[in-house]
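# Topology and contacts: notes
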Amino acid sequence: MLGTIVNTSTILAGSVIGSVFKKGLKEKHQNALFTAMGLAAAGLGINAVVQNMPKSNYPVLFIVSLALGGLLGSAWDLEHRFQTLADRFSTGQLSKGLSTGILLFCIGTLSILGPIQSALYGDNTYLLTNATLDFVTSMVLASTYGIGIALTAVVLFCWQGSIYLLATVLGPFMTPDMMTELSIVGGFLIACSGLSILDIKDCKTMNMLPSLVIPIVFCGVMSLL
């Protein structure tokens, strides 16, 4: 769990530093950071898709996952529920910042593979690398959305902690195919978040989060056949 603790700490530190810088930033500079985060999110998402799609043994699974997951999320209205919860503790666009931060910090190859490598092999390389990236990202997010971005550190700790604990028990069932498909779907969700930030298309990314469950279920069933 050392790697996860370090990763969580860097997000907290980055959020504090970024929120301090926010006080001295003019609106045009905040808009520039806002645009930069949108482009970065879109780029990271596309990169994850491009890197992992050639490795996929189920080339249409991501389509089914996004479609079915989007339908489930819309039926449950996750986006509205999340924004309502965030608005209780914030004003402005923090809810969008939180959803973006959660996706960037949690739904990525390093954040998923890191706890597994740590649990199975005691290797924290992925998590420490992820911590460095998250430190910079959290500073930019907090400079745009404020100190509330620190809440993503709690989500990250629970996310990576859960993966770590599950990996110690279910390690043999977490196949390379599952990790590949998760990375593809996660990449699309990160790219969608970037499009929303740039005001190109409001993809309601939170409604699509159930898409991540589909590859896990599918690959889990296939491994038993």
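In short, a report on the structure.

Definitions and limits used
- Residues numbered from 1 in each chain as written.
- Predicted model: local features only at pLDDT ≥ 70, side-chain atom pairs only at ≥ 80, totals over all residues.
- Heavy atoms only, no water.
- Helix = DSSP H or I, 4+ residues; strand = E, 2+ residues; numbered from the N terminus.
- Expected span 1.5 Å × (residues − 1).
- Buried < 20%, exposed > 50% of the residue type's maximum accessible area, 1.4 Å probe, protein only.
- Phe/Tyr/Trp six-rings, centres within 6.5 Å; stacked < 30°, edge-to-face > 60°.
- Axes fitted to C-alpha atoms, helices over the stretch in contact; angles between N-to-C directions.
- Parallel < 35°, antiparallel > 145°, perpendicular 65-115°, else oblique.
- Left-handed = near helix turned anticlockwise from the far one by under 90°.
- Contact = heavy atoms within 4.5 Å.
- Patch = residues over 30% accessible without salt bridge, like charges linked within 9 Å, V, L, I, M, F, W, Y side chains within 5 Å.
- Areas by Shrake-Rupley, 256 points an atom, 1.4 Å probe, with all protein chains shown as cover.
- Salt bridge = Lys/Arg side-chain N within 4 Å of Asp/Glu carboxyl O.
- Core = buried A, V, L, I, M, F, W, Y, C linked by side-chain atoms within 4.5 Å.

Let us now look at helix H5 (residues 94-106). Given a rise of 1.5 Å per residue, 13 residues ought to cover 18 Å, and the 17 Å separating the end C-alpha atoms of H5 matches this to within 8%. With 12 of its 13 residues buried, H5 lies for the most part within the structure.

Enumeration according to the criterion identifies 2 aromatic pairs in this entry. Here the aromatic rings of Phe62 and Phe188 are separated by 5.1 Å at their centres, their planes lie at 5 degrees, and the arrangement is stacked. Residue Phe62 is located in helix H3 (residues 61-76), and its partner Phe188 is located in helix H9 (residues 176-197); the two are separated by 126 residues in the primary sequence.

Of note in this structure, Asp77 is not a glycine but carries a positive phi near 55 degrees. Positioned with a positive phi, Asp199 is a non-glycine residue whose angle comes to about 60 degrees. Take Asp199: it is sitting in the loop between H9 and helix H10 (213-224).

This part covers the packing of H5 against H9. In the contact formed by H5 and H9, the axes pass within 9 Å of each other and the chain directions differ by 155 degrees. In terms of orientation, H5 and H9 fall into the roughly antiparallel class. As H5 packs across H9, the resulting crossing turns out to be left-handed. Residues Lys96, Thr100, Leu103 and Leu104 of H5 pack against Leu189, Ile190, Ser193, Ser196 and Ile197 of H9.

Okay, the side chain of Asn7 next. With respect to the helices and strands, the residue Asn7 is situated in helix H1 (residues 2-22). By relative accessible area, which is 0% here, Asn7 ends up buried. With residues near it in sequence (within four places) discarded, Asn7 still touches Leu127, Asn130, Ala131, Asp134, Leu156 and Gln160.

Where H3 meets H10, the closest approach of the two axes is 8 Å, and the angle between their N-to-C directions is 130 degrees. As far as their axial angle goes, H10 and H3 are oblique. As H3 packs across H10, the resulting crossing turns out to be right-handed. Mapping the contact onto sequence places Leu61, Ser65 and Leu68 in H3 and Ile214, Pro215 and Phe218 in H10.

A few words on a nonpolar patch on the surface. A contiguous nonpolar patch, built from Val16, Ile17, Val20, Phe21 and Ile147 and spanning about 430 Å² of accessible area, is present on the exposed surface. By secondary structure assignment, the location of Ile17 is in helix H1.

Below, the discussion takes up the nonpolar core. Of all hydrophobic cores here, the largest spans 34 residues; its most connected members are Phe105, Tyr145 and Ile149. Per-element accounting of this core gives the leading share, 8 residues, to H9. Each residue touching Ile149, except ones within four places of it in the same chain, is listed here: Ser15, Leu94, Gly97, Leu98, Ser138, Leu141 and Ala142. Listed in part, the 5 residues of the second largest apolar core include Ile112, Ile116, Ala167 and Met179.

All quantities given are derived from atomic positions and should not be read as evidence of function.
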